[in-house]
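Residues per chain, in single letters:
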Amino acid sequence: MDQFARISGLHINAFKSSIFASGQTVTPMLNEAERLGIKAGKLPVRYLGMPLTTKALSKQEYEPLTDQVRGRMLAWRNKCLSYAGRLQLIKSTHKAKVAWEDLCCPLEEGGLGIRKLHYSSKVFALSLIWRIISKKSSMWGGCKKFLDLEKAVKASVASISSGRLIDITGAVGTCYLGIARDARVCEAVTQAQWSVRRHRIRHFHELHARIQREPVPDDQQGQDVILWNHSDDNFKPWFCSARTWDQIRQKKATVLWNKSVWFTQGVPRFSFIVWLAVRNRLSTGDRMRAWGIHQGCLLCGERDETRDHVFFVCPYSFTVWDKLANRLSGNRTDPDWTTSLQFLSANNLQIMDKILLKMVFQTTIYHLWQERNRRRHQTGHRTVDQTVRVIDKAMRNRISSLRYRADHKFTGLMQRWFEV
Ligand SMILES: [Zn+2]
């Protein structure tokens, strides 16, 4: 045991330890343990809250653990009131047939900012590795994961600033450069100089020059530190889950419309309908045809109901949109969807007008879509003027619910809305 302590640095506290013995040599072993002050234990015992036995655990034995997990989740669900909202969101997006992959990317890449469990668990495992290599926790636990994820770590742990030498040269490099496969960095240094063999192959010639440009390790400069890659060779002495997640996930191109859909003053319910519209995932007539349903525009009677027709080629929709946004946009209302969305994302309006335009856009989209659904389910029929009034009221409700203080820069939002 002393030898074990010397090698591993782990000392055993006899007072806290028990010994479990089986087989034919039980008695001498227990006697020896007693001499060391370690008491004999009997299986099963509980270790980390779980029964420790020589057999595989049964479902019943797992129950206390599953109960605890269930309890935690319930508490968490009660804490997050918006959980129900999120669930609804996920359900409705699935109904709208948006691929899960598309939801699981950040808002600026056109997704809903949901994180894939697969990546989250990987980030968690990597944080464990970080804790092990930066010696921030004991060596217990996570060692197996460490081996599983060795590949992922390779990309994150720096050896020289261009990456691992072996990844650059391949196995032949060890021979060409005269450095053993298991050599440490200090072994490639003699008398404060890199001692790397020069080679006539052009590829190695360049590599040799690159190595020579690297600063030579020097004891005087202090101890080695372990760094984590935060993004493109930006190494920091701490771990960051968000940055790690960003590096392992599959990225998509950023979209220009994200700030027109998601913004502080927006209503999440409205933003979501606009998001579906931008992705052309609302169940308009042209999309329903695939399911064998034939339906024209319920607002004007046009034969084809497409996203672009409803927003705002349709005379009904365009009249509503124009009445609400014409003055605000400086006579720039346009029946074309793409033009409207582009104008929303890039215009040179005053900041408050910009906000109001985004707000009235999402409120209009939402209420037009609601009106369309009301007609589809025969539960109502509003005229253009009625719809405009409903949208105006929704706008005023939203602005007053923002409750900007008297000295806030957006405090005049309501007044501006009355003006336009
Ligand atoms: Zn129409």
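Model, not experiment: these values are computed from the prediction.

Broken down by element type, the protein chain carries 21 helices and 8 strands. A buried classification covers 18% of the 420 residues belonging to the protein chain. Long-range pairs, those at least 24 residues apart, make up 45% of the contacts in the protein chain between residues at least 6 apart in sequence.

Another point: the pairing of strand S7 (residues 228–231). In the sheet, S7 pairs with strand S8 (residues 234–236) via 3 bridges, with the strands oriented antiparallel. Its bridge partner being in S8, tryptophan 228 is matched across the sheet by lysine 236. Hairpin remark: S7 followed by S8, antiparallel, with 2 residues in the connecting loop; positive phi at aspartate 233, about 60 degrees.

Judged by nonpolar contacts, the single largest core of 39 residues is most densely connected at Ile273, Val274, Ala277, Leu356, Leu357, Val360 and Ile365. Counting only elements with at least two residues in this core, the list comes to helix H14 (268–278), helix H16 (307–313), helix H17 (315–325), helix H18 (337–345), helix H19 (351–376), helix H20 (384–402) and helix H21 (413–419). The biggest single contributor to this core is H19, with 10 residues.

With that settled, consider unusual backbone geometry. For the bond running from phenylalanine 311 to phenylalanine 312, omega is -5 degrees, close enough to zero to count as cis. Relative to the elements of secondary structure, phenylalanine 312 occurs in helix H16. For glutamine 378, which is not glycine, the phi torsion reads 50 degrees and is therefore positive. With respect to the element layout, glutamine 378 can be found in the loop between H19 and H20. According to the C-beta neighbour criterion, glutamine 378 is exposed, with 8 such atoms within 10 Å.

In low-pLDDT segments, the atomic positions of the prediction should not be examined closely. In the predicted model, the protein chain carries a mean pLDDT of 82, and the fraction of residues at 70 or more is 87%. The secondary-structure element of the protein chain with the lowest mean pLDDT is helix H7 (residues 143–148), recorded at 40, while H17 shows the highest, at 96. Considering only residues more than four positions removed or in separate chains, one finds that residues 137–160, a stretch of pLDDT under 50, has 25 contacts.

Residues separated by three or four positions in an α-helix point in the same direction, a consequence of the helix having 3.6 residues per turn. Over its 26 residues, H19 runs 38 Å from end to end, which matches the ideal 38 Å to within 8%, given 1.5 Å per residue. Looking one or two residues past H19, glutamine 378 carries a phi angle of roughly 50 degrees, positive in sign.

A separate point is the environment of arginine 376. Relative to the elements of secondary structure, arginine 376 occurs in helix H19. The spatial distance from the C-alpha of arginine 376 to the C-alpha of glutamine 295 is 9.3 Å, given a sequence separation of 81 residues.

Here we come to the environment of leucine 65. Residue placement: leucine 65 occurs in helix H3 (residues 59–79). Residue classification places leucine 65 among the partly exposed residues on the basis of 14 C-beta atoms within 10 Å. Expressed as a C-alpha distance, the spacing of leucine 65 and methionine 50, which sit 15 residues apart in the sequence, is 7.4 Å. Those residues in contact with leucine 65 that lie beyond four places of it in its chain are Gly49 and Met50.

What follows covers the packing of H17 against H20. Interaxial distance between H17 and H20 falls to 10 Å at its minimum, and their mutual angle equals 45 degrees. Between H17 and H20, the angle is such that the two are oblique. In the crossing of H17 with H20, the sense of the turn from one axis to the other is right-handed. Along the contact surface, H17 presents Tyr316, Thr319, Val320, Lys323 and Leu324, while H20 presents Val384, Thr387, Val388 and Ile391.

Moving on: the environment of threonine 319. One can find threonine 319 in helix H17. On the basis of neighbour count, threonine 319 is assigned to the partly exposed category, with 17 C-beta atoms found within 10 Å. Sequence-wise, threonine 319 and aspartate 385 are 66 residues apart; in three dimensions their C-alpha atoms are separated by 9.2 Å.

A few words now on the packing of H17 against H19. Contact geometry of H17 with H19 gives a least axis separation of 11 Å together with a crossing angle of 155 degrees. Classified by the interaxial angle, the pair formed by H17 and H19 is roughly antiparallel. Crossing geometry of H17 relative to H19 is assigned as right-handed. Across the interface between the two elements, Ser317, Val320, Trp321, Leu324 and Ala325 from H17 touch Leu357, Val360, Thr364 and Leu368 from H19. Residue composition of the contact of H17 with H19, by class: 7 nonpolar, 2 polar and no charged.

Cut-off values and rules
Residues numbered from 1 in each chain as written. Predicted model: local features only at pLDDT ≥ 70, side-chain atom pairs only at ≥ 80, totals over all residues. Helix = DSSP H or I, 4+ residues; strand = E, 2+ residues; numbered from the N terminus. Buried ≥ 20, exposed ≤ 12 C-beta atoms within 10 Å, placed from the backbone. Contact = placed C-beta atoms within 7 Å. Pairing = 2+ DSSP bridges. Core = buried A, V, L, I, M, F, W, Y, C linked by C-beta atoms within 7 Å. pLDDT = per-residue confidence, 0-100. Expected span 1.5 Å × (residues − 1). Axes fitted to C-alpha atoms, helices over the stretch in contact; angles between N-to-C directions. Parallel < 35°, antiparallel > 145°, perpendicular 65-115°, else oblique. Left-handed = near helix turned anticlockwise from the far one by under 90°. Nonpolar A, V, L, I, M, F, W, Y, C, P; charged D, E, K, R; others polar.

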